Amino acid sequence: MRTSSRNGTPASALPEPCSSRLQGWRQSPWIHSLGRFLALAVVFGFFAFWVEGGKFYSPRNLENILRQSAVYATASLGMTMIIISAGIDLSVGSMIALTVVTVAWVLDLNVTGTTAAGTTETIYLAERYPVLIPWLALSCGILVSVLAGLCNGAAIVGLRVVPFIVTLGTMGIFRGLAKGLADEKDIYPHKDTWLTQLMDPTLTSQDPGWRMWILPPGVWLLIVAAVAAAVFLRYTRPGRYMYAIGSNEETARLCGVPVTRIKIMTYTLAGLFAGLAGLMQFSFIGGIGQPTSAVSYELFIIAAVVIGGGSLMGGQGSILGSVIGALIITILYMGGQQMGWPKWVQEAVIGLIIILAVVIDRLRQREAT
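Draft legend 1. How the structure looks around the overall build of the protein chain. A tally of helices and strands in the protein chain yields 16 helices and 2 strands. Here the analysis covers contacts within the protein chain between residues at least 6 apart in sequence; of these, 74% occur between residues at least 24 apart. Of the accessible surface of the protein chain, which amounts to about 18,800 Å², a share of 65% is contributed by carbon and sulfur atoms.

Draft legend 2. The arrangement of a nonpolar patch on the surface in detail. The grouping of Met212, Trp213, Trp220, Ile223, Val227, Val231 and Tyr235 at the surface amounts to a nonpolar patch, some 740 Å² of accessible area in total. On the secondary structure map, Val231 appears in helix H10 (residues 217-235).

Draft legend 3. Fine view of the side chain of Arg175. By the element assignment, Arg175 lies in helix H7 (residues 163-181). Glu298 provides the closest opposite charge to the buried, unpaired Arg175, separated from it by 5.3 Å.

Draft legend 4. Up close: the side chain of Ser76. Within the secondary structure, Ser76 sits in helix H3 (residues 59-84). At 2.6 Å, the side chain of Ser76 forms a polar contact with the backbone oxygen of Ala73. Residues contacting Ser76, with those up to four places away along its chain left out, are Ile301, Ala304, Val305 and Ser322.

Draft legend 5. Up close: the environment of Thr167. Here Thr167 shows up in helix H7. Take Thr167: its relative accessible area is 0%, and that puts it in the buried class. Taking the C-alpha atoms as reference points, Thr167 and Ile88, 79 residues apart in sequence, are found 7.8 Å from one another. When sequence neighbours within four positions are dropped, the list of residues in contact with Thr167 reads Ile88, Asp89, Leu90, Ser91 and Asn152. At 3.5 Å, the side chain of Thr167 forms a polar contact with the backbone oxygen of Phe164.

Draft legend 6. Seen up close, the packing of H10 against helix H11 (residues 237-247). Where H10 contacts H11, the two axes come as close as 5 Å, and the packing angle between them is 70°. Put simply, H10 runs roughly perpendicular to H11. Each of Phe232, Leu233, Arg234 and Tyr235 in H10 lies in contact with H11, whose residues at this interface are Arg237, Pro238, Gly239, Arg240, Met242 and Tyr243. A breakdown of the residues in the contact of H10 with H11 according to their chemical character gives 6 nonpolar, 1 polar and 3 charged.

Rules behind the numbers
Residues numbered from 1 in each chain as written. Predicted model: local features only at pLDDT ≥ 70, side-chain atom pairs only at ≥ 80, totals over all residues. Heavy atoms only, no water. Helix = DSSP H or I, 4+ residues; strand = E, 2+ residues; numbered from the N terminus. Contact = heavy atoms within 4.5 Å. Areas by Shrake-Rupley, 256 points an atom, 1.4 Å probe, with all protein chains shown as cover. Patch = residues over 30% accessible without salt bridge, like charges linked within 9 Å, V, L, I, M, F, W, Y side chains within 5 Å. Salt bridge = Lys/Arg side-chain N within 4 Å of Asp/Glu carboxyl O. Buried < 20%, exposed > 50% of the residue type's maximum accessible area, 1.4 Å probe, protein only. Lys, Arg positive; Asp, Glu negative; His and termini not counted. Polar contact = N/O pair within 3.5 Å; in protein donor to acceptor, adjacent residues only side chain to side chain. Axes fitted to C-alpha atoms, helices over the stretch in contact; angles between N-to-C directions. Parallel < 35°, antiparallel > 145°, perpendicular 65-115°, else oblique. Nonpolar A, V, L, I, M, F, W, Y, C, P; charged D, E, K, R; others polar.

This is the structure:
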């Protein structure tokens, strides 16, 4: 028989208000978030102590941590919604690559014309329309990713196939589309635009207009997107429906939840956040349309959600926890590199932490029941 921690009184014998209050304290999202922050502090403190010369906690290194975690964290916002609704998406890395290639392809659009002297010249539209083309590239990149997410959701609902299988297939489809659009080679846009500066570490030090913002535009984009996603999950009806579907889909359906529509919406929103992550990835790799970029990113993005408290069984997860999970993964990689760890050691440590996070989640669920 389970007893209370103070005086050995059976929990079932406690007055109902006290029993429910105790259970609510244990399941409070603030307590769970505090635990994630503690884990983040422990991991950061470990490397801050062991990396020589205080380099790990220097302002420049802290900015690099935020920059490198921004792609994972932004994509994890949509993955959080999917995992909360008891789904999974293995194609998110391919969607990021498809966005990167689409943006570069639009920026590299050109036409061939003949001059008055009879010679042939190539006219790049990004030079002719320096304001319109970057915005067109941004819009096309995000639109492609949103459509990819919509296809995932529609296929899962329409074909009634588990998300693992559907997204495993679309992972190859989207990657193939990216390689086909790029003609299986990197695309180098003729002219740099402000899209290349989204994750530029020198922007805040060299551009007077951005100096007061301290962080690159891409990091601020992540912060805005994270706040919007958190508000959506907590305060909107579709957000609450995602939790209901992940907890018990059949019960949610019997209670009037439009399961089909919410599932399609969930994967479409995940495509939107993958598109934003693709914009950051495009800037992070130097404004190159690289169809082989973001390979295996889906594993790190899923890991960020799991480390942040998301349950692969559905019904649990938070935006703040997923962002913290992305930071933990980035700190482990950067700290391991600065301490000279071999890459296989870094990957093994992250794998161990993922297993521990899942075990802790299972123990927490067992205690709650």
